[in-house]
Amino acid sequence: SELGALPRLSYMDLYANPLTGTLPLELGALTSLIVTGLHNIQMTGSLPSELGALTRLTHLDIHNNQLTGSLPSELGALTSLYYISFYRNQFTGSMPSELGALTGLWKMLVCDNANLCGDIPAGVTPDAYSGRCSTATGGTLLGSACPSASPTVLPSASPTTMYGSTSPSSLPHVSVPTPTSLAGDYPLKENWFRKRDVAREKAFPQKHAWSRKQAKQEADQQQAN
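Scope of this entry: the structure provided in the associated data block. (Residues numbered from 1 in each chain as written. Predicted model: local features only at pLDDT ≥ 70, side-chain atom pairs only at ≥ 80, totals over all residues. Heavy atoms only, no water.)

### Description of the overall build of the protein chain
This is how it is decided: In this description a helix means any DSSP run of H or I spanning at least four residues, a strand means any run of E spanning at least two, and both kinds are numbered starting from the N terminus. A 1.4 Å probe rolled over the protein chains alone gives each residue an accessible area, and that area as a share of the maximum for its type sets the label: buried under 20%, exposed over 50%, partly exposed in between. Note on areas: Shrake-Rupley with a 1.4 Å probe; residue coverage comes only from the protein chains shown.
The helix and strand tally for the protein chain stands at two helices and 10 strands. In sequence order, the secondary structure elements of the protein chain are arranged as β-β-β-β-β-β-β-β-β-β-α-α. Taking all 225 residues of the protein chain together, the buried fraction comes to 34%. By element, 54% of the accessible surface of the protein chain is carried by carbon and sulfur atoms, the whole surface being about 13300 Å².

### A look at the pattern of salt bridges
We count it as follows: By definition, a salt bridge exists where a carboxyl oxygen of Asp or Glu is found within 4 Å of a side-chain nitrogen of Lys or Arg.
Tallying each qualifying case throughout the model produces one salt bridge. When the shortest N-O distance is used, the salt bridge between Asp112 and Arg88 registers 3.7 Å. Taken together, the residues span a long stretch of sequence, with Asp112 in the loop between β8 (107-109) and β9 (115-117) and Arg88 in the loop between β6 (83-85) and β7 (90-94) at a distance of 24 residues. Relative accessible area serves as the criterion here: at 39%, Arg88 is assigned to the partly exposed category.

### Some thoughts on the nonpolar core
Going by this rule: What makes a nonpolar core is a set of buried Ala, Val, Leu, Ile, Met, Phe, Trp, Tyr and Cys residues whose side-chain atoms join them at distances within 4.5 Å.
Core analysis: the largest hydrophobic core is formed by 30 residues, its most contacted members being Leu47, Ile62, Leu81, Phe86, Phe91, Met95 and Met108. Counting residues in each nonpolar core, the second largest holds five residues, with Tyr82, Tyr83, Leu109 and Cys111 among its members.

### Let's talk about the sheet that holds β7
Cut-off, in case you're wondering: One bridge is not enough; two strands pair if DSSP finds at least two bridges between them. For helices, the fitted line uses only the C-alpha atoms of the stretch in contact; every axis is such a line through C-alpha atoms, and the angle between N-to-C directions lies from 0 to 180 degrees.
Ordered by their spatial adjacency, four strands build an open sheet running β3-β5-β7-β9, and the pairing between neighbours is parallel. The open sheet has two edge strands, β3 (44-46) and β9, and neither has a second partner. Mean inter-strand twist for the sheet, computed between neighbouring axes without regard to direction, equals 30 degrees. When strand β5 (residues 66-69) meets β7, the two strands line up parallel, connected through two bridges. Looking at β7, one finds that Gly69 is bridged to Phe91.

Structure follows, in structure tokens:
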């Protein structure tokens, strides 16, 4: 909860740290955040709706955790986002239509959430969307219809006298949704690293300017020798 006392924090990367528990609600108080990396931590619980207050956020990476529940509609308020990744979690339900407000997205990674379903939000361009998933993970692919809230009761079939089984012709026809074409390997992330570096330089311009100056001085010194 002490994180809420850092309102000027602009860059937070806790990648692959041995942290446990849930994401604190106080994250919503870090309104200066530009880059947030909370991936490969194995955090549990739901994604706090308070994240919708981080309107300066350009990069949100929470992939490879154990987060559950539905995606909060408040994420649609993060209109500065150009990268969001929440694949390899356990999110359920449909994609919030509010994500269609994220028209500046460069990449959205959502696959490997077995029970996440529904249409790609209107406003998210195909180039920004990446739902290609490994076929070995199973689950419902994004882009397919969400299951009905009320389960369908199948009619009873008339049994036959052969082995006490049910006649195939009397079985009800169950239609299976046609899979989407969102199959294959994970997208390459070369450009992602370039975008991440740009965000870091925006967050710490003085530090990066000093690094470039130091690198130039070292190169000039090597040439002189």
